[in-house]
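# Breakdown of the fold
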Amino acid sequence: MKITMFSSQCYDKKYFLDANQNFGYQLTFHEARLEPATVELARGADAVCAFVNDDIGEVTIEALKAIDVPIIALRCAGYNNVDLRVADKLGIHVVRVPSYSPYAVAEHTVALMLSLNRKIHRAYSRVRDGNFSLQGLTGFDMHGKIVGVIGTGRIGSIVLNILKGFGCKLFAFDTQPDEALKNIGVKYLPMSELLQQVDIISFHCPLTPETFHLINDDSLEMMKDGVMIINTSRGAIVDAGSTIEGLKSGKIGYLGLDVYEQEGDLFFHDLSDTIIRDDVFERLLTFPNVLITGHQGFFTEEALVNIAVTTLENLSRYALAKPLINTLHSQQAIRSTRKN
Ligand code: NAI
């Protein structure tokens, strides 16, 4: 089987080549994103493998069909960048890695919370500069604080369990509440009530029409002054423009992002020698109470091994004509924020 890998970095190559020792497929790695202009790179392939910021909309899928690529393997869980309706219509299979390490993302989420709270990002620079003043570094006890988690699936439930250990008061909102979480003291509330009560809010739901820009001027208005907002899910859940106003007014006391709506043009690349033209992103970086990481929530040893193995297993089922698992169909279609 010939597999063309898009958006691949050196670590993808390392983990996929290791995992491929048990499969023996022919892997071709490209740094380029999968998008209409790059589909040609996959000519002759039996499968393409894509990642979170690839553009797998209508035009791309039609172009893949035209060069007879029958299957798209996502090496990620989220699939908001795929037009599943078109894939279904054209008979192109889409498979993904639904869960590779929810612990990785959950632990990164809590790392953002603690870093922002205790201002570790600022303390790190100060100490290196010989500045041992504590002025401005005051934090707060996590114990007793009210945390609201939106989306209590694999990742959100682990976040809640970790925060239970800190002695936080746990609120949640999910369209499908998890009864087991109620046993550890999680209280499900309507979204508007949750927004009004929490000290910290963390997003772990998929990007859908319902969750698009959940954080906006109106929802911010409902929240406590100085609220901490954490988003490690998908960038477009938060309207970055609104957060700038919220930060300027003091409504938002802390903002931790691992994802950003326009991240496709930025993340996963070394742009340190270039001028970043995204003014919203650059403005966010000027706030001392904003901490942004470049979509690294998933990035642990365990997760990278699982991603590579599961992706190749997904494809081997296709190669061996076994029933596919981890498939996606248009009933699961969710809004793509990308114009395709
Ligand atoms: P999951 O499918 O296990 O859980 C998602 C939960 O969100 C479900 O319980 C679902 O009922 C709930 N949900 C759906 N629509 C909702 C709505 N409108 N309002 C509130 N809740 C809603 O997914 P998992 O594995 O926990 O991942 C969550 C998200 O994390 C993914 O969709 C993905 O966007 C993101 N992610 C981020 C990574 C990173 O590296 N930063 C890595 C992996 C996933």
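Per chain, residue numbering runs from 1 following the sequence as it is written. Local features in this predicted model are restricted to residues of pLDDT 70 or higher, and side-chain atom pairs are both shown and tallied only at a pLDDT of 80 or more, whereas totals for entire chains, interfaces and linings draw on every residue. Side-chain measures here rest on the full set of heavy atoms in the structure, leaving out hydrogens and waters.

## Quick notes on the site of the ligand
For the record, the criterion: Residues are counted as near a molecule or strand when any one of their heavy atoms sits within 4 Å of it. Think of a polar contact as two N or O atoms within 3.5 Å of one another; within protein, one of them needs to be a possible hydrogen donor and the other a possible acceptor, and neighboring residues in sequence only count if both atoms come from side chains. All accessible areas in this document rest on Shrake-Rupley with a 1.4 Å probe, and a residue is counted as covered only by the protein chains that are shown. Cavities and pockets were defined on a 1 Å grid built over protein atoms only: a cavity is a set of grid points that admits a 1.4 Å probe from which the probe cannot escape, a pocket is an open set flanked by protein on both sides within 12 Å along at least five of seven lines, and lining residues are those with an atom within 4 Å of any such point. To decide whether a molecule occupies a pocket or cavity, check its atoms: if more than half lie within 2 Å of the grid points, it is inside.
Contacts to the ligand come from 24 residues, most closely from Arg-154, Ile-155, Asp-174, Thr-232 and Asp-258. Gly-153 places a main-chain nitrogen or oxygen 3.4 Å from an oxygen atom of the ligand. Between a nitrogen atom of the ligand and a main-chain N or O atom of Thr-232, the distance comes to 2.9 Å. Here the ligand loses 86% of its free accessible area of 870 Å² to cover by the protein chains. With respect to the detected pockets, the ligand is housed in the largest pocket.

## As for unusual backbone geometry
In plain terms, the rule: Each residue is assigned to one of three classes by its accessible area relative to the maximum for its type, calculated with a 1.4 Å probe on protein chains only: buried under 20%, partly exposed between the two thresholds, exposed over 50%. Put simply, DSSP H or I for four residues or longer makes a helix, DSSP E for two residues or longer makes a strand, and each gets a number counted from the N terminus.
In this structure, Ser-7 takes a positive phi of about 50 degrees despite not being glycine. Under the relative-accessibility criterion, Ser-7 is labelled buried at 14%. The phi dihedral of His-213 falls on the positive side, at around 50 degrees, and the residue is not glycine. Relative to the assigned elements, His-213 resides in the loop between β9 (200-203) and α9 (217-222). With relative accessibility at 19%, the residue His-213 sits in the buried group.

## Regarding the sheet that holds strand β10 (residues 227-231)
Sheet strands associate in pairs through backbone hydrogen bonding, adopting either a parallel or an antiparallel arrangement. Just so we agree on the cut-off: Here the rule is simple: two strands pair whenever DSSP picks up at least two bridges between them. When checking whether two residues touch, look at their non-hydrogen atoms; a contact exists if any pair is within 4.5 Å. As a rule, the C-alpha atoms of each element are fitted with a line to give its axis, helices using only the stretch in contact, and angles between N-to-C directions run from 0 to 180 degrees.
Pairing in this open sheet of seven strands is parallel, and the strands run β8-β7-β6-β9-β10-β11-β12 from one edge to the other. Edge positions in the open sheet fall to β8 (187-188) and β12 (290-292), since each of these has one partner strand only. Helix α6 (residues 154-166) contacts β6 (146-150) and β7 (169-173) of the sheet and is inclined by roughly 165 degrees relative to β7. Running at roughly 145 degrees to strand β11 (residues 252-257), helix α10 (residues 240-249) makes contact with β11 and β12 of the sheet.

## So, the sheet that holds strand β1 (residues 2-5)
Read from one edge of the open sheet, five strands run β2-β1-β3-β4-β5, paired in parallel fashion. Whereas interior strands pair on both sides, the edge strands pair on one side only; in this sheet they are β2 (26-29) and β5 (93-95). Neighbour-to-neighbour, the strand axes of this sheet turn through a mean angle of 20 degrees, independent of strand direction. Sheet topology places strand β3 (residues 47-50) next to strand β4 (residues 71-74); three bridges connect them, and they run parallel. The residue of β4 that forms the bridge with Val-48 is Ile-72.

## Some details on α6
Listed in full, the buried residues belonging to α6 are Gly-156, Ser-157, Ile-158, Val-159, Leu-160 and Leu-163. Positive backbone phi, at 85 degrees, marks Gly-167, one or two positions downstream of α6.

## Some remarks on the environment of Gln-21
Looking at where Gln-21 falls in the secondary structure, it is placed in the loop between α1 (10-19) and β2. Remark: the alpha-carbon pair of Gln-21 and Asn-289, spanning 268 residues in sequence, is separated by 45 Å.

## Structural notes on empty space enclosed by the protein
Gaps between atoms show up when a probe of the same size as a water molecule is rolled over them. The line we're drawing: Grid points are joined across faces, edges and corners, and a volume is the space filled by probe spheres set on the points. Only Asp, Glu, Lys and Arg are considered charged, only Ala, Val, Leu, Ile, Met, Phe, Trp, Tyr, Cys and Pro nonpolar, and every remaining residue, Gly among them, polar. What counts as a domain boundary in this text is fixed by an automatic or database domain assignment.
According to the stated counting rule, one finds four cavities of 30 Å³ or more in the structure shown. Taken as a whole, the second largest cavity holds about 80 Å³ of empty space. Around the second largest cavity, the lining residues are Ser-7, Gln-9, Glu-31, Arg-33, Phe-51, Val-52, Asn-53, Gly-264, Phe-267, Phe-268 and His-269. When the residues that make up the lining of the second largest cavity are grouped by side-chain class, the tally is four nonpolar, five polar and two charged. Viewed by domain, the lining of the second largest cavity spans two of them, domain 1 (2-100 + 301-335) and domain 2 (102-292), each represented by three or more residues.

## Let's talk about the domain arrangement of the protein chain
Quick note on the threshold: Here, a salt bridge means any Lys or Arg side-chain nitrogen found within 4 Å of an Asp or Glu carboxyl oxygen.
If you check the domain split of the protein chain, you get domain 1 (2-100 + 301-335) and domain 2 (102-292). If you average the C-alpha positions of domain 1 and of domain 2, the two centres end up 30 Å apart. Taken together, the contact pairs 13 residues of domain 1 with 13 residues of domain 2. Put simply, domain 1 and domain 2 have zero salt bridges between them. Here domain 1 and domain 2 share four residue pairs in polar contact (both at pLDDT 80 or more) between them.

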